[in-house]
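# Reading the structure
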Amino acid sequence: MIVPGASSYLAVNTNNMLPSVKLIVFDVAGTTLADHQEVHHCLQKALARADVSISYEEANRVMGYPKPRAIRLLLQGHWEDHSVITSERIEVIHDDFVLSMVEHYQNAPDVRPKEGVLETWQALRSAGVIIALDTGFSRPIADAIIERLHWQDYINTSVTSDEVKQGRPHPDMIFTAMERTGVGDVSEVAKVGDTASDMQQGTAAGCGWVVGVTTGAYSAADLEKEPHTHLIEQLPELLPILGLSV
């Protein structure tokens with residue numbers, strides 16, 4: 001029995017025979033939520049209002065990270081004097097980003113799940129699999145998405161980066177999802193996401209399945225470089241990997 005607890009980045013699953021999956025921890029934007037680069041654009045705009053111009057590629061490199069950490073890394077790449085990168089300055093930029101994201105997810109007409117997500121979740125629920133979301137977003141953004149799309153009817157729990165000590169690539173959010181759903185063995189957990197930090201997180205936790213989605217922020221070539229057990233394009237491809245069907 002593997003009990004979730006300390007957020008060690010070195011945890012490795014050494015099981016050779018994987019049991020049936022009990023819990024799947026899904027990322028949000030780019031994995032289960034259709035992403036039209038809104039996160040990138042809102043991050044660029046929030047930083048621009050702080051007189052920092054970042055490229056799409058720079059924003060993409062920090063996708064999946066807790067957004068305050070992402071902002072800090074981006075500022076460090078642009079400001080030589082790191083002493084001016086204070087927690088207060090990061091908080092102001094992050095608050096701006098959160099307001100933009102919440103407004104988008106509450107009101108934009110194109111907020112929708114990715115293709116096949118709801119059908120996949122229905123099949124998983126029918127098979128008795130527990131569904132969790134984890135995200136680099138803070139709780140206000142996650143709640144805006146869940147409420148807008150009525151995902152509370154499908155998922156069992158959600159964990160946001162501001163609810164744990166360390167966000168991705170550390171495994172804290174996975175362990176918290178396990179604690180909230182009563183799953184004690186990480187080899188019975190699957191992690192599904194579209195960024196390098198998702199793959200690193202699932203591997204650090206010791207998940208039995210670490211599945212990369214290649215139609216999000218990172219390409220198949222990018223995710224192939226990261227530790228993983230499977231790569232898929234769309235979520236319904238997850239079902240046969242787990243021995244399940246629609």
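Here's what I pulled together on the structure shown here. For clarity, every value in this text was computed on a predicted model and none was experimentally measured.

## Here we look at the overall build of the protein
When helices and strands are tallied, the protein shows 10 helices and 6 strands. In terms of overall dimensions, the protein is globule-like: its C-alpha atoms have a radius of gyration of 17 Å, near the 18 Å expected for 246 residues. Over its C-alpha atoms, taken along the principal directions, the protein stretches across nearly 50 × 40 × 35 Å. Expressed as a percentage of the 246 residues in the protein, the buried residues total 55%. The long-range fraction of contacts in the protein, counting pairs at least 24 apart against all pairs at least 6 apart in sequence, stands at 67%. With the model as given, the accessible surface of the protein reaches about 10,900 Å², and the carbon-plus-sulfur share is 49%. A distance of 2 Å separates the average location of the 18 positive side-chain charges in the protein from that of its 33 negative side-chain charges.

## Some details on the sheet that holds strand β1 (residues 23-26)
Here 6 strands make up an open sheet; going across it, the order is β3-β2-β1-β4-β5-β6 and the pairing parallel. Only two strands of the sheet have a single neighbouring strand rather than two, namely β3 (157-160) and β6 (230-232). Ignoring strand direction, the axes of neighbouring strands in this sheet form an average angle of 20°. Strand contacts of helix α6 (residues 139-149): β2 (130-135) and β3, with the helix running at about 145° to β3, the strand carrying the most contacts.

## Describing the pairing of β3
What you see with β3 is no split at all: T157 and V159 on one side and S158 and T160 on the other are buried throughout. With 4 bridges connecting them, β2 and β3 associate as parallel partners. Each bridged residue has a counterpart across the sheet, and for A132 the counterpart in β3 is T157. Considered for its hand, the β-α-β crossover made up of β2, α6 and β3 is right-handed.

## Quick look at the environment of S158
Relative to the helices and strands, S158 resides in strand β3. With residues up to four places along the chain from it excluded, the contact list for S158 reads L133, R139, I146, E163 and R180. Polar contacts involving the side chain of S158 include one to the side chain of R139, which spans 2.9 Å.

## Some points on the pattern of salt bridges
Per the counting criterion, the structure on display carries 10 salt bridges. We note a salt bridge from D198 to R168, for which the minimum N-O separation is 3.1 Å. Taken as a pair, D198 in helix α8 (residues 196-205) and R168 in the loop between β3 and α7 (172-181) lie far apart in primary sequence, 30 residues in all. For the pair shown, D198 and R168 are each scored as buried. The network of salt bridges with common partners includes D27, D134, R168, K191 and D198.

## Examining α7
Counted residue by residue, α7 has 8 buried out of 10 residues, so it is predominantly covered. Listing the buried residues of α7 in full gives D172, M173, I174, F175, T176, A177, M178 and T181. On its buried face, α7 sits against β1, β2, β3, β4 (189-193) and α8. Backbone geometry just after α7 places G182 at a positive phi near 75°.

## Structural notes on helix α5 (residues 117-126)
The periodicity of an α-helix, 3.6 residues per turn, causes residues three or four places apart in sequence to face the same way. Of the residues making up α5, those classed as buried are V117, T120, W121, A123 and L124. For α5, the angular spread of buried residues about the axis comes to 160°, placing them on one side. In this fold, the buried residues of α5 make contact with β1, β2 and α10 (238-241).

Parameters and conventions
- Within any chain, residue numbers begin from 1 and follow the written order of that chain's sequence.
- Local features in this predicted model are restricted to residues whose pLDDT is 70 or higher, and side-chain atom pairs enter the listing and the counts only when it is 80 or higher, whereas totals over whole chains, interfaces and linings include all residues.
- As a convention, hydrogens and water are excluded, and side-chain values are obtained from all of the structure's heavy atoms.
- Note on conventions: DSSP H or I runs of at least 4 residues are helices, E runs of at least 2 residues are strands, and numbering of each starts at the N terminus.
- Using C-alpha atoms as the atom set, the radius of gyration is obtained and then compared with a globule rule of 2.2 Å times the number of residues to the power 0.38.
- We call a residue buried when its accessible area falls under 20% of the maximum for its residue type, exposed when it is over 50%, and partly exposed in between, using a 1.4 Å probe and counting protein chains only.
- In this description, contact between two residues means that some pair of their heavy atoms is separated by no more than 4.5 Å.
- Only the protein chains shown count as cover for residues, and the accessible areas themselves come from Shrake-Rupley with a 1.4 Å probe.
- As used throughout, the charge tally considers Lys and Arg to be positive and Asp and Glu to be negative, leaving His and the chain termini uncounted.
- A single reference atom marks each charge: NZ on Lys, CZ on Arg, CG on Asp, CD on Glu.
- Two strands are counted as paired when DSSP detects at least two bridges linking them.
- In this description, a line fitted to the C-alpha atoms serves as the axis of each element, helices being fitted only across the stretch in contact, and the angle between N-to-C directions of two axes falls anywhere from 0 to 180 degrees.
- Here a crossover is taken to be right-handed if, once the strands point away from the viewer, the path from the first strand over the helix to the second is traced clockwise.
- For the purposes of these results, a polar contact is taken to be a pair of N or O atoms within 3.5 Å, where, inside protein, one atom must be able to donate a hydrogen and its partner to accept one; residues adjacent in sequence count only when each atom of the pair is a side-chain atom.
- For this document, the term salt bridge refers to a Lys or Arg side-chain nitrogen within 4 Å of an Asp or Glu carboxyl oxygen.
- Arc definition: directions from the helix axis to the C-beta atoms.

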